Amino acid sequence: GWGSLVNPTGVAACPGSGRLAVAHDGKKRIHVFGPSGFCLRRFGERGNASNDIKYPLDVTVTSDGHVVVTDGGDRSVKAFDFDGRGVLAVREGFCLPWGLDATPKSEVILTDSEAGALYRLVADFQRGELKKCQRIRSRLVSPRAVAVCQTSGAVVVIEHLGARGPSKGSTRVKIFSAEMDLIGHMDSFGLNLVFPSRIFATAVAFDKEGRVVVTDVRSQAVICLGKPEEFPIFNPLINHGLFYPVGLTYTANNCLVVLDSGDHSVKVYSS
């Protein structure tokens with residue numbers, strides 16, 4: 001079993017080991033699971049100490065084996081090794097860091113929802129040294145989930161538009177090249193002209209072929225939107241068995257992992 005998850009918010013796969021890191025609202029904020037689903041480790045105490053996690057919003061795992069978390073509680077980004085030791089905390093300059101994903105070089109791309117910005121964070125996690133925190137895109141509208149293509153370097157961001165909540169607001173999917181040039185974008189209204197339902201996207205990932213995949217909480221589905229050059233197409237991958245999907249990642253062996261906060265679970269699908 002997956003253990004006890006409370007209102008989970010983010011999931012990430014370790015590129016090398018196949019382990020999964022899940023951020024949630026429990027006493028220990030990060031749970032690490034093995035490929036078989038057994039909980040290997042819990043860390044990230046809820047509290048006010050420097051390495052505690054107040055309110056995790058998202059998580060990623062770098063290729064050099066570090067777990068990086070956005071903490072909405074103190075508006076910081078925190079990095080841990082897989083034993084749960086805190087190695088770095090970046091607290092300066094963020095309004096509300098939200099979504100994040102790691103590049104093959106162990107750099108971290110993250111969104112700042114309140115600032116409407118996208119950042120590249122470069123650090124030596126082994127030494128706990130921040131080298132650069134660079135704003136690479138501005139004038140985004142409440143950007144939250146983000147994903148980096150591991151082959152092309154393209155970046156996809158989900159913006160949240162208008163009123164909060166899936167019943168009132170809407171979302172927009174934006175795709176940038178590795179050089180941060182806008183490739184394409186489509187909001188809920190535009191997607192509704194192409195697709196049979198109005199999509200409210202909550203999580204996003206690239207599959208191994210570089211296709212954009214999103215979770216949709218309105219239809220309780222996972223949908224492939226195609227590669228950036230063909231965006232958007234409509235290919236439902238999962239359309240049953242989900243309640244409120246909020247997280248999405250692919251493992252090294254191309255299994256699709258969905259974090260479902262509706263029933264507080266992690267669901268793994270073979271390709």
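Each chain has its residues counted from 1, running along the sequence as written. Local features in this predicted model are restricted to residues whose pLDDT is 70 or higher, and side-chain atom pairs enter the listing and the counts only when it is 80 or higher, whereas totals over whole chains, interfaces and linings include all residues. In computing side-chain properties, one takes all heavy atoms of the structure into account and sets aside hydrogens as well as water.

J.: Got a sec to walk through the overall build of the chain? Specific residues and values, please.
T.: Runs of E in the DSSP output that reach at least two residues are strands. Runs of H or I that reach at least four are helices, and both are numbered from the N terminus. The helix and strand tally for the chain stands at one helix and 23 strands. Compactness check: the chain gives a C-alpha radius of gyration of 17 Å against a globular reference of 18 Å for 271 residues, within 12% of the reference. The dimensions of the chain, computed from C-alpha atoms along their principal axes, are 50 × 40 × 35 Å. Within the chain, the fraction of its 271 residues that count as buried is 56%. Residue contacts are counted whenever heavy atoms from the two residues lie within 4.5 Å of one another. Of the contacts formed within the chain by residues at least 6 apart in sequence, a portion of 40% connects residues at least 24 apart. Surface accessibility of the chain: about 11500 Å² in total, with carbon and sulfur atoms responsible for 47%. Of note, the chain has its 31 positive side-chain charges centred 3 Å away from the centre of its 27 negative side-chain charges. In this treatment the radius of gyration is a C-alpha quantity, and the globule benchmark scales as 2.2 Å times the residue count to the 0.38 power. Accessible area is worked out with a 1.4 Å probe on protein chains only. A residue is then buried under 20% of its type maximum, exposed over 50%, and partly exposed in between. Only the protein chains shown count as covering a residue, and every accessible area follows the Shrake-Rupley method with a 1.4 Å probe. His is not counted, nor are the chain ends; Lys and Arg add positive charge and Asp and Glu add negative charge. Charged groups are reduced to one reference atom each: NZ for lysine, CZ for arginine, CG for aspartic acid, CD for glutamic acid.

J.: Provide a residue-level description of the pairing of strand E8 (residues 86–90), including the pertinent values.
T.: Note: two strands are recorded as paired if DSSP finds a minimum of 2 bridges between them. As defined by bridge partners, strand E7 (residues 76–81) adjoins E8 across four bridges and the pair is classed as antiparallel. Pairing of Val77 across the sheet is with Val90, part of E8. Taken together, E7 and the strand that follows it, E8, pair antiparallel across an intervening segment of four residues, in which Gly84 is found at a positive phi of about 90°.

J.: With reference to specific residues and values, describe the sheet that holds strand E12 (residues 129–137).
T.: Ordered by their spatial adjacency, four strands build an open sheet running E9-E10-E11-E12, and the pairing between neighbours is antiparallel. Pairing within the sheet leaves two strands with one partner each, and these edge strands are strand E9 (97–102) and E12. For this sheet, the mean inter-axis angle between neighbouring strands, taken without regard to orientation, is 25°. The pairing of strand E11 (residues 117–124) with E12 spans seven bridges and is antiparallel. By the bridge assignment, Asp124 is partnered in E12 with Glu129. In this analysis an axis means a line fitted to C-alpha atoms, helices contributing only their contacting stretch, and an angle means the value between N-to-C directions, from 0 to 180 degrees.

J.: Describe the nonpolar core, listing the residues and the values that go with them.
T.: Throughout this description, the term nonpolar core refers to a set of buried Ala, Val, Leu, Ile, Met, Phe, Trp, Tyr and Cys residues connected via side-chain atoms within 4.5 Å. By size, the foremost hydrophobic cluster in this structure holds 19 residues, and its most contacted members are Val156, Val204, Phe206, Val212, Val214 and Leu225. Among all residues touching Val204, those that are not within four sequence positions of it are Ala145, Val146, Ala147, Val156, Ile158, Val212, Val213, Val214 and Leu248.

J.: Talk me through the pattern of salt bridges; I want residue IDs and the actual numbers.
T.: Whenever Lys or Arg places a side-chain nitrogen within 4 Å of a carboxyl oxygen from Asp or Glu, that contact is recorded as a salt bridge. Counted by the stated rule, this structure contains 17 salt bridges. Asp25 serves as the salt-bridge partner of Arg29, at 2.7 Å between the closest nitrogen and oxygen. Among the salt bridges present, the one from Arg75 reaches Glu114, with a minimum N-O distance of 3.1 Å. With Arg75 in the loop between strand E6 (66–71) and E7 and Glu114 in the loop between strand E10 (108–112) and E11, this pair connects stretches of sequence that are 39 residues apart. In the salt-bridge network here, residues are joined through shared partners; they are Arg41, Asp81, Asp83 and Arg85.

J.: How would you explain the UniProt feature "repeat: NHL" (unreviewed entry) in the chain if you had to name every residue and give the values?
T.: UniProt positions are given in the numbering used here, feature names are shortened, and annotations may be inferred rather than shown by experiment. UniProt records the feature "repeat: NHL" (unreviewed entry) for residues 1–36 and 40–83 in the present numbering. This span, residues 40–83, is 0% helix and 55% strand, and a straight line between its end C-alpha atoms measures 10 Å.

J.: Break down the sheet that holds strand E16 (residues 182–187) for me, citing the residues and quoting the values.
T.: Spatially, four strands are ordered E13-E14-E15-E16 in an open sheet, and the strand pairing comes out antiparallel. Only two strands of the sheet have a single neighbouring strand rather than two, namely strand E13 (143–148) and E16. Within this sheet the neighbouring strands show an average axis-to-axis angle of 15°, counted without direction. Where E13 lies against strand E14 (residues 155–161), four bridges are found, and the strand directions are antiparallel. Its bridge partner being in E14, Pro143 is matched across the sheet by Glu159.

J.: Now, about the side chain of Thr103: what can you tell me, with residues and values included?
T.: Along the chain, Thr103 falls in the loop between E9 and E10. Thr103 has contacts with Ser63, Ile109, Val148 and Gln150, leaving out every residue within four places of it along the chain.

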